[in-house]
Every structure is written in structure tokens, then in C-alpha cells.
Number of protein chains: 2
Amino acid sequence: MAQLYVTNSKGGKELFSFRKVYESAKRVGASPTLAKEIAETIKREAFPGIKTSFIYKTVKKLLSKKVPKSALRFSLKSGMRKLGPTGFAFEKYVGEIFKRLGYKVKINQYLPGRCIRSYEIDFVAEKDKLIYIGECKYRNLFGDRVHSMDALANYARFLDILKGPYFKSTKYKNYKIKTIMATNTKFTSRALDYSRCVGIELLGWRCPKDKGLEYLIEKEKLYPITILPSLRGHLKDIFVSERIMLAKDVLRINPQKFAKKFKIPLKHFYLLIKEAKILLE
Amino acid sequence: MAQLYVTNSKGGKELFSFRKVYESAKRVGASPTLAKEIAETIKREAFPGIKTSFIYKTVKKLLSKKVPKSALRFSLKSGMRKLGPTGFAFEKYVGEIFKRLGYKVKINQYLPGRCIRSYEIDFVAEKDKLIYIGECKYRNLFGDRVHSMDALANYARFLDILKGPYFKSTKYKNYKIKTIMATNTKFTSRALDYSRCVGIELLGWRCPKDKGLEYLIEKEKLYPITILPSLRGHLKDIFVSERIMLAKDVLRINPQKFAKKFKIPLKHFYLLIKEAKILLE
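On a predicted model such as this, the values are computed, not experimentally measured, just so you know. (Residues numbered from 1 in each chain as written. Chains lettered and ligands numbered in written order. Predicted model: local features only at pLDDT ≥ 70, side-chain atom pairs only at ≥ 80, totals over all residues. Heavy atoms only, no water.)

Colleague: Just checking my understanding: could you explain the domain arrangement of chain A for this structure?
Modeller: When its domains are assigned, chain A resolves into domain 1 (5–67), domain 2 (81–220) and domain 3 (223–280). Between the C-alpha centres of domain 1 of chain A and domain 2 of chain A the distance comes to 33 Å. (Domains from an automatic or database assignment.)

Colleague: Help me understand the interface of chain B and chain A, please; the structure alone is not making it clear to me.
Modeller: The accessible area lost on association of the parts is a frequent measure of interface size. Contacts between chain B and chain A engage 20 residues on the former and 20 residues on the latter. Across the interface of chain B and chain A, roughly 1,600 Å² is buried in total on both sides, 72% from carbon and sulfur atoms. On the surface where chain B and chain A come into contact, there are zero salt bridges. Our enumeration of links across chain B and chain A arrives at two residue pairs in polar contact (both at pLDDT 80 or more). Where the side of chain B that touches chain A is concerned, the elements lending two or more residues are helix H7 (148–163) and helix H8 (189–198) of chain B. When residues in the side of chain B that touches chain A are grouped by element, the largest group, nine residues, is from H7(B). In the side of chain B that touches chain A, the residues fall into 11 nonpolar, two polar and seven charged. (Contact = heavy atoms within 4.5 Å. Buried area = accessible area lost by both parts, 1.4 Å probe. Salt bridge = Lys/Arg side-chain N within 4 Å of Asp/Glu carboxyl O. Polar contact = N/O pair within 3.5 Å; in protein donor to acceptor, adjacent residues only side chain to side chain. Helix = DSSP H or I, 4+ residues; strand = E, 2+ residues; numbered from the N terminus. Nonpolar A, V, L, I, M, F, W, Y, C, P; charged D, E, K, R; others polar.)

Colleague: What am I meant to see in empty space enclosed by the protein here?
Modeller: Any empty space left between atoms is shown by rolling a water-sized probe over those atoms. Summed over all chains, the structure comprises two cavities of 30 Å³ or more. Of the pockets and cavities examined, the largest cavity occupies roughly 70 Å³. Along its surface, the largest cavity is lined by Arg114(A), Cys115(A), Ala156(A), Leu159(A), Asp160(A), Lys163(A), Tyr155(B), Tyr194(B) and Val198(B). Residue assignment for the lining of the largest cavity shows that the elements contributing at least two residues are helix H7 (148–163) of chain A together with H8 of chain B. Among the elements that line the lining of the largest cavity, the one with the most residues is H7(A), at four residues. Here the residues of the lining of the largest cavity sort into six nonpolar, no polar and three charged. At the level of elements, helix H8 (189–198) of chain A together with H7 of chain B are the ones that each hand at least two residues to the lining of the second largest cavity. (1 Å grid on protein atoms, 1.4 Å probe; cavity = no way out; pocket = protein on both sides within 12 Å on 5 of 7 lines; lining within 4 Å. Points joined across faces, edges and corners; volume = space filled by probe spheres on them.)

Colleague: So what exactly am I meant to see when it comes to the packing of H7(A) against H8(A) here?
Modeller: Packed helix pairs are specified by the crossing angle of their axes together with the interaxial distance, meaning the distance between the axes. All names here are of chain A. Taken N-terminus to C-terminus, the directions of H7 and H8 make an angle of 25°; their axes are 7 Å apart at the nearest point. Judged by the inter-axis angle, H7 sits roughly parallel to H8. Contacts between H7 and H8 involve Ser-148, Ala-151, Leu-152 and Tyr-155 from the former and Arg-190, Ala-191, Tyr-194, Ser-195 and Val-198 from the latter. (Axes fitted to C-alpha atoms, helices over the stretch in contact; angles between N-to-C directions. Parallel < 35°, antiparallel > 145°, perpendicular 65-115°, else oblique.)

Colleague: What is the right way to read the relation of the copies chain B and chain A from this model?
Modeller: One chain copy maps onto the other through a rotation about an axis and a shift parallel to that axis. Overlaying chain B with chain A gives an RMSD of 0.1 Å, the required rotation being 179° about an axis along which the chain moves by 0.0 Å. As the rotation angle and translation indicate, the two copies are arranged about a two-fold axis. Proximity to the rotation axis, assessed at the C-alpha, singles out Ala153(B) in chain B; its C-alpha lies 2.0 Å from the axis. When the interface residues of chain B are mapped onto chain A, 100% of them again fall at the interface, so both copies present the same face. (Least-squares fit on C-alpha atoms with pLDDT ≥ 70 in both.)

Colleague: I would appreciate a short explanation of the nonpolar core in the present structure.
Modeller: Most often, soluble globular proteins have nonpolar side chains that are buried together. With 58 residues, the main nonpolar core has Tyr194(A) and Tyr194(B) as its most contacted residues. Apart from the residues lying within four places of it in its own chain, the contact partners of Tyr194(A) are Ala151(A), Leu152(A), Tyr155(A), Ile200(A), Cys115(B), Ile116(B), Tyr119(B), Ala156(B) and Asp160(B). (Core = buried A, V, L, I, M, F, W, Y, C linked by side-chain atoms within 4.5 Å. Buried < 20%, exposed > 50% of the residue type's maximum accessible area, 1.4 Å probe, protein only.)

Colleague: Looking at this model, I keep getting lost on the sheet that holds strand S7 (residues 176–183) of chain B. Mind explaining?
Modeller: The strands that make up a sheet pair up through hydrogen bonds in the backbone, lying either parallel or antiparallel. Residues and elements named next belong to chain B. Read from one edge of the open sheet, five strands run S3-S4-S5-S7-S9, paired in mixed fashion. Of all strands in the sheet, those bounded by a partner on one side alone are strand S3 (104–111) and strand S9 (201–203). Averaged over all pairs of adjacent strands, the angle between their axes in this sheet comes to 30°, without regard to strand direction. Strands in contact with helix H6 (residues 88–100) are S3, strand S4 (119–127), strand S5 (130–137), S7 and S9; relative to S3, the strand with the most contacts, it is inclined by about 135°. (Pairing = 2+ DSSP bridges.)

Colleague: What am I meant to see in the side chain of Thr7(B) here?
Modeller: Residue and element names in this part refer to chain B. For Thr-7, the position within the fold is in strand S1 (residues 5–7). Polar contacts involving the side chain of Thr-7 include one to the main-chain carbonyl oxygen of Gly-49, which spans 3.0 Å. With residues near it in sequence (within four places) discarded, Thr-7 still touches Gly-12, Gly-49, Ile-50, Lys-51 and Thr-52.

Colleague: How do you make sense of the side chain of Glu214(A) when you look at a structure like this?
Modeller: Residues and elements named next belong to chain A. Structurally, the position occupied by Glu-214 is in helix H9 (residues 213–220). At 4.6 Å, Arg-206 is the nearest oppositely charged side chain to Glu-214, a buried residue that forms no salt bridge. At a separation of 2.7 Å, a polar atom in the side chain of Glu-214 contacts the main-chain amide nitrogen of Arg-206. The residues contacting Glu-214, other than those within four sequence positions of it, are Leu-76, Gly-204, Trp-205 and Arg-206. (Lys, Arg positive; Asp, Glu negative; His and termini not counted.)

Colleague: What is the right way to look at the sheet that holds strand S7 (residues 176–183) of chain A in this model?
Modeller: Residue and element names in this part refer to chain A. As summarised here, the arrangement of the five strands in space is S3-S4-S5-S7-S9, forming an open sheet in which the pairing is mixed. Each edge of the open sheet carries a strand with a single partner, namely strand S3 (104–111) and strand S9 (201–203). Neighbour-to-neighbour, the strand axes of this sheet turn through a mean angle of 30°, independent of strand direction. Most of the contacts of helix H6 (residues 88–100) go to S3, to which it runs at about 135°, and overall it touches S3, strand S4 (119–127), strand S5 (130–137), S7 and S9.

Colleague: Quick question: what am I supposed to make of unusual backbone geometry here?
Modeller: For the bond running from Gly84(B) to Pro85(B), omega is 10°, close enough to zero to count as cis. By the secondary structure assignment, Pro85(B) is in the loop between helix H5 (76–81) and H6. Note the cis peptide between Cys207(B) and Pro208(B), where omega equals -5°. Phi is positive for Asp210(A), which is not a glycine, with a value near 65°. You can see Asp210(A) is positioned in the loop between S9 and H9. Asp210(A) sits in the exposed class, given a relative accessible area of 59%. If you check the backbone angles, Asp128(B) has positive phi at about 50° while not being a glycine. Tracing the backbone through its elements, the reader meets Asp128(B) in the loop between S4 and S5. Residue Asp128(B) is classed as exposed on the basis of its relative accessible area of 70%.

Colleague: When you look at the environment of Phe239(B) in this model, what are you seeing that I'm missing?
Modeller: Residue and element names in this part refer to chain B. Positionally, Phe-239 belongs in helix H10 (residues 235–241). With 139 residues separating them in the primary sequence, Phe-239 and Arg-100 have C-alpha atoms 18 Å apart. Non-local contacts of Phe-239, meaning those with residues more than four positions away in its chain, are made with Ile-225, Leu-231, Ile-244, Ile-253, Phe-258, Phe-269 and Leu-272.

Colleague: Looking at this structure, how should I read the state of the cysteines?
Modeller: Working definition: the covalent bond between the sulfur atoms of two cysteines is a disulfide. With the rule as written, the count across this model stands at two disulfides over all chains. Disulfide partner of Cys197(A): Cys115(B), at an S-S distance of 1.9 Å. Looking down the S-S bond of the Cys197(A) and Cys115(B) bridge, the torsion is -65°, so its handedness is left-handed. Linking Cys197(A) in helix H8 with Cys115(B) in the loop between S3 and S4, this pair reaches from one chain into another. (Disulfide = S-S within 2.5 Å.)

Printed below as a string of C-alpha cells:
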């Protein structure tokens with residue numbers, strides 16, 4: 001077979017990769033046999049210039065027939081994007097992740113610096129005398145990244161806060177104070193270089209490599225509610241307002257009470273609960 | 001007379017100020033008598049909800065009858081905005097200003113940092129063992145400002161460059177290295193606070209107060225070419241490509257040669273030269 005070029009999300013051409021399709025199917029839970037089978041189907045049916053988004057949809061369709069759970073998990077990236085359009089829900093979601101990892105979390109805090117009287121901090125997470133000053137960078141556009149300018153500004157802010165009055169209190173004498181940037185997307189290589197060099201911790205898509213946000217989410221089953229296909233319209237806003245950010249939390253709500261309180265047909269909740277069960281089984 | 005409210009550029013209401021009109025006319029060269037006369041005319045003809053842009057136009061019209069030079073100078077802010085849409089011409093313009101102030105200027109330089117291998121620097125200006133690492137923030141939108149995030153990123157970049165290999169050379173042993181941000185607009189108060197505190201120098205509209213960009217320009221007659229009303233269309237790009245950034249430089253070109261080289265009617269140049277002469281007389 002001659003080399004086959006596909007059209008990616010930015011409209012550019014790239015070589016079709018059997019391996020990429022195979023790995024992505026396996027990552028969400030397909031067996032090696034099924035993953036191979038899916039990749040072979042795609043390879044057979046692909047044509048020059050086929051869009052990667054079309055390949056993505058086809059893989060998802062093939063998965064949903066065999067392993068419904070995997071098809072749901074396959075939407076993690078776009079599910080996180082659905083937390084938008086503003087960064088507010090993403091901040092709450094990241095706060096929730098840190099909570100489930102055992103941190104004491106406060107979102108939307110104000111901390112004083114030496115030069116600027118007050119910085120708005122997306123979240124502050126504390127565990128075992130370690131404090132993370134967290135900044136969330138939610139990105140709405142496909143392919144958008146977190147740039148070195150974001151990292152530079154984050155670090156200068158961190159330095160200013162460290163020099164400010166807050167952490168000079170004797171209470172924090174034996175604490176380790178760190179800054180962390182969390183994103184639903186990736187960091188540019190310059191942002192990575194700078195952050196590693198000055199010690200900003202990063203959490204993003206496949207960042208740190210093999211221990212990125214997607215890994216944490218998979219491992220602890222911390223899927224955002226927006227990964228559930230039936231979560232549409234203003235239901236998202238209702239869940240966010242109730243601090244129900246994780247798909248697993250849907251299994252804990254009382255559907256009757258919720259439906260009544262927010263005047264939403266009960267069947268919507270049953271659908272969501274069904275999907276959450278498949279996802280988390 | 002009852003209090004009169006005008007509509008500003010952002011659509012908000014503000015109190016009509018006789019003083020503001022008077023001062024702005026005087027600033028561009030109107031005599032106190034003329035400035036008072038103009039402000040009185042405006043006050044008499046103003047009506048509730050009148051737009052500040054309309055007041056601006058009327059002042060300009062009244063000025064142009066009496067002092068053509070002042071009317072031209074009155075357009076400095078919008079003239080600078082016309083350096084857009086990208087920041088490229090503004091960078092060249094700021095570089096030119098520093099040159100005329102006696103600095104040795106290089107624009108678009110690359111400097112290494114400790115953490116990032118190479119930063120693109122808008123301009124580097126040197127005089128008497130003082131080096132400015134300059135960043136330009138050109139703003140296209142009316143009322144847009146330079147924010148604290150820009151200042152934070154600027155400072156972190158500056159720290160990284162200082163720790164990098166470049167300025168460690170013995171050549172720079174007795175040099176003072178500073179960072180400066182230049183803009184065609186204003187800085188937010190947070191950006192001002194932070195910059196003053198860490199030592200970023202600022203140059204912007206009325207910043208430093210009474211010695212801002214507009215002061216420098218007036219004092220040294222460093223008006224940008226875009227202040228000339230006849231500079232339209234791609235003529236700006238031609239001038240920028242030839243590094244002719246200042247209105248006064250128009251008086252030095254050879255119109256015949258220029259018109260021939262760029263295939264532009266000679267009369268366009270004569271118009272520009274006429275305007276430049278009025279402006280700079």
C-alpha cells in the first residue's frame with residue numbers, strides 16, 4: 001500500500017498512522033485484538049485526504065458496538081472542551097480532581113504579593129505541608145496551546161506572592177510552596193522548557209508524559225460530567241452550580257429530588273445515570 | 001447650566017469637562033485665548049449624550065481653521081493607532097524614537113535566557129553603558145490597555161535573560177541592564193504598580209506622567225508618518241519598508257526618485273510634504 005495522507009484538524013496533511021489508531025483504541029480499554037481489528041478496518045476504508053475527525057468518529061462507532069465503555073472514554077478530550085466556553089467549570093473540575101487526590105482545596109482565592117496587593121488564584125491545594133498555588137488555563141479552540149508567556153507570567157506572579165506577606169507567616173515555616181499550571185490542552189515546547197527550568201509544575205494532556213491529566217482521570221475515574229453524551233444545554237450549568245463536576249457523582253444524586261428542584265424531566269437523569277454506569281463499570 | 005453628560009468611546013456616560021477640551025486644545029499649540037474660545041463654542045453647542053468622538057472632531061475642525069499645525073498634532077493618538085494593524089510598524093517607530101534620543105538601537109534581536117534558549121526582543125537600545133531590553137505592546141483597539149500579565153511576563157523574561165549567558169560576558173561588566181515596555185496606549189493600574197515595584201520602565205500615553213510618549217514626541221517632533229492625513233493605503237507599508245517612520249523624514253526624501261521607484265503619482269508626495277511642513281513648522 002502506498003503512503004496515505006490524512007487531513008488533520010488544522011487542515012494540514014499528515015501520514016496515516018496505523019499505530020496511532022491502534023494505540024488510541026487500546027488506551028480507552030479495547031483489547032489488543034479489538035484495537036488491531038479496528039485499526040485494520042480504518043486502514044482498509046481510509047482514502048487520501050480523509051479527515052482525522054472522520055477517523056475519530058469511525059473508531060468511536062466501531063468501539064461503541066463492542067465496548068460501549070471505551071467509546072465513552074474515547075470522548076475525554078472533547079468532553080473536557082465541553083466544560084467551556086469560559087474557564088470557570090474547568091477550574092472547578094480541576095479543583096475536584098485535586099480533592100479526590102487527597103488535597104484540601106480552595107478555589108478562587110485571593111493572595112497578596114509584594115508588588116500587587118491581591119492576585120486571584122484559581123485554586124489553592126494543600127496536603128502534607130505542600131501547597132500548590134494553581135492556575136488553570138482552559139482552552140476552547142482545538143489545537144490551541146499554553147504558551148511560554150503564560151508560564152513566564154505565572155512564575156513572576158509566584159515570585160511576587162512568595163515575597164508577599166502571606167507565606168511569611170510562621171504557620172507556613174515548614175511548608176513547601178509550589179506553583180502549578182493545569183490545562184485541558186498541551187503546553188508549547190518553550191512553555192515546557194521554561195517551566196521545568198524554574199520549577200513550575202505542569203498538568204495537561206499527556207503532560208507530564210505518561211502521567212498527564214488523561215492518565216490521572218483514567219486511573220481514578222475522574223471523568224468530567226461533560227463526557228456524558230446526554231449532558232446537554234443548561235444541565236451542565238446546573239451541575240456546575242451544584243458542584244457536581246465528575247461523572248461518578250451523577251450516581252450519587254437523588255434523581256427525583258434533582259428533577260423536581262430544577263424542573264427537568266426525570267428521564268434526562270436516568271439517561272445520564274445509565275451512561276455514567278456504562279462509563280464507570 | 002445644568003450638568004451635561006457626554007457619551008464616551010466605550011458607550012459610557014461621563015460629565016462634560018470644559019477643562020479637558022481647553023487643555024487638549026492648548027496641548028497641541030492653541031493659544032490660551034483660542035483654547036478658551038474653542039472650549040466655549042463646544043460648551044455652547046454640546047447636547048446631552050453628545051459623543052466624545054464628535055467633540056474631538058469639532059475641536060479639530062475649529063483648530064484647523066485657526067492653527068492648521070495644531071489640528072494635525074491633535075491626531076497623534078489616532079495617528080499612532082494607524083501604525084497597525086500589526087505591531088511591526090510600531091516597533092520600528094519606537095526604535096526610531098530611541099535612535100533620535102541618542103541610543104544605538106537594534107530592532108528584532110534574539111537574546112538567550114537561562115531557561116529558554118532564545119527570546120525575540122523588539123528592540124535593544126544602548127547609550128552610556130545603559131542597555132534597554134525593549135518590548136513593544138501595540139494596541140489596536142480604542143481603550144485597550146497593557147495589563148499586569150504583560151508586565152509579569154516581561155519581568156520573568158528579563159530575569160531569565162539576566163541569568164542567561166549574554167550579559168555575563170565581561171564586556172557588560174559595568175553596564176546597567178534595564179527592561180522597558182513601550183505602548184501606544186496606557187497601562188492598567190496593576191501593571192503600573194507591578195512595574196514600578198520591580199523596576200520595569202514604562203513608556204506610554206501620559207506615562208510616565210508629564211513625560212510620556214506624547215511628551216517625547218511633541219518635544220522632539222518625532223511624529224509618526226501615519227499622523228499625516230494623506231498617508232493612505234499601501235503608502236504606509238512602503239514607508240515602513242524604507243524605514244521612514246517619522247513625519248520629519250518625509251522632508252528628506254527625493255519625491256521624484258521615490259515616486260518613480262514605487263510607481264506612485266508624484267502629487268501624493270507633494271501633499272505629504274506639504275502636510276509635514278505644516279506640522280513641523
